[in-house]
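Each chain, written out:
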Amino acid sequence: MDTADKKQPALSVTDPVSQDQLKRLQDLATGRARVADRLLSLEQEKVRLLVLAQETDKAQALVFESVLAERGLPLDTKVEIQENGEIRVHPDPLEVVNVPRG
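Just so it is clear, the model here is predicted, and its values are computed rather than measured. (Residues numbered from 1 in each chain as written. Predicted model: local features only at pLDDT ≥ 70, side-chain atom pairs only at ≥ 80, totals over all residues. Heavy atoms only, no water.)

Now for the overall build of the protein. Assigned secondary structure in the protein consists of one helix and two strands. Tracing the protein from N to C terminus, the helices and strands come up as α-β-β. A total of 102 residues make up the protein; the buried ones form 4% of that total. On the protein, roughly 9900 Å² of surface is accessible, and the fraction owed to carbon and sulfur atoms is 57%. (Helix = DSSP H or I, 4+ residues; strand = E, 2+ residues; numbered from the N terminus. Buried < 20%, exposed > 50% of the residue type's maximum accessible area, 1.4 Å probe, protein only. Areas by Shrake-Rupley, 256 points an atom, 1.4 Å probe, with all protein chains shown as cover.)

Here you go:
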């Protein structure tokens, strides 16, 4: 194959990028910056929500602790409080339960 058959590039590396291509690149960079800004805002909102959830969980734990303390139960007792206020104490899963065989 001789060199005459090879296609020569239309532009060299010293030729500037066209104005259309330059504008498109700038538009894409601007769009990317907007996406990044939006993502940052969402992450900040996520952090605020996580803090709120943590505060809510702590407040809930304090209520459960007061319910247990009022009844003289250890603070690590697993309980379920029904909508009617009834308390169900869940057995410790590590305790061995003797099931009668019959």
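Picking up after the structure, the text goes on.
All right, on to the pairing of strand E2 (residues 87-90) then. Looking at chain direction, strand E1 (residues 78-81) and E2 are connected through four bridges and run antiparallel. Bridge pairing links Ile81 to Ile87 in E2. (Pairing = 2+ DSSP bridges.)

Quick look at the pattern of salt bridges now. One pass over the structure, following the stated rule, counts four salt bridges. Residues Arg88 and Glu86 are paired through a salt bridge, measuring 3.9 Å at the closest nitrogen-oxygen approach. By relative accessible area, Glu86 is classed as partly exposed at 40%. (Salt bridge = Lys/Arg side-chain N within 4 Å of Asp/Glu carboxyl O.)

On the surface, a cluster of nonpolar side chains totalling about 340 Å² of accessible area is made up of Val17, Leu22, Leu25 and Leu28. By the secondary structure assignment, Leu22 is in helix H1 (residues 19-70). According to the relative accessible area criterion, Leu22 is partly exposed, its value standing at 34%. (Patch = residues over 30% accessible without salt bridge, like charges linked within 9 Å, V, L, I, M, F, W, Y side chains within 5 Å.)

All right, on to the confidence of the model for the protein then. When pLDDT is averaged across the protein, the result is 88; 85% of the residues are at 70 or more. Looking at the elements of the protein, mean pLDDT is at its lowest for E2, recorded as 89, and at its highest for H1, recorded as 97. (pLDDT = per-residue confidence, 0-100.)

With that settled, consider the side chain of Thr77. Looking at the element boundaries, Thr77 is found in the loop between H1 and E1. Given the relative accessible area of 18%, Thr77 is considered buried. Within polar-contact distance, the side chain of Thr77 engages the backbone oxygen of Pro74 at 2.8 Å. Apart from the residues within four sequence positions on either side, Thr77 is in contact with Leu68 and Val89. (Polar contact = N/O pair within 3.5 Å; in protein donor to acceptor, adjacent residues only side chain to side chain. Contact = heavy atoms within 4.5 Å.)

Turning next to H1. Taking 1.5 Å of rise per residue, 52 residues should cover 76 Å, and H1 covers 76 Å from first to last C-alpha, within 8% of that figure. Count one or two residues on from H1 and you reach Gly72, which has phi positive near 70°. (Expected span 1.5 Å × (residues − 1).)

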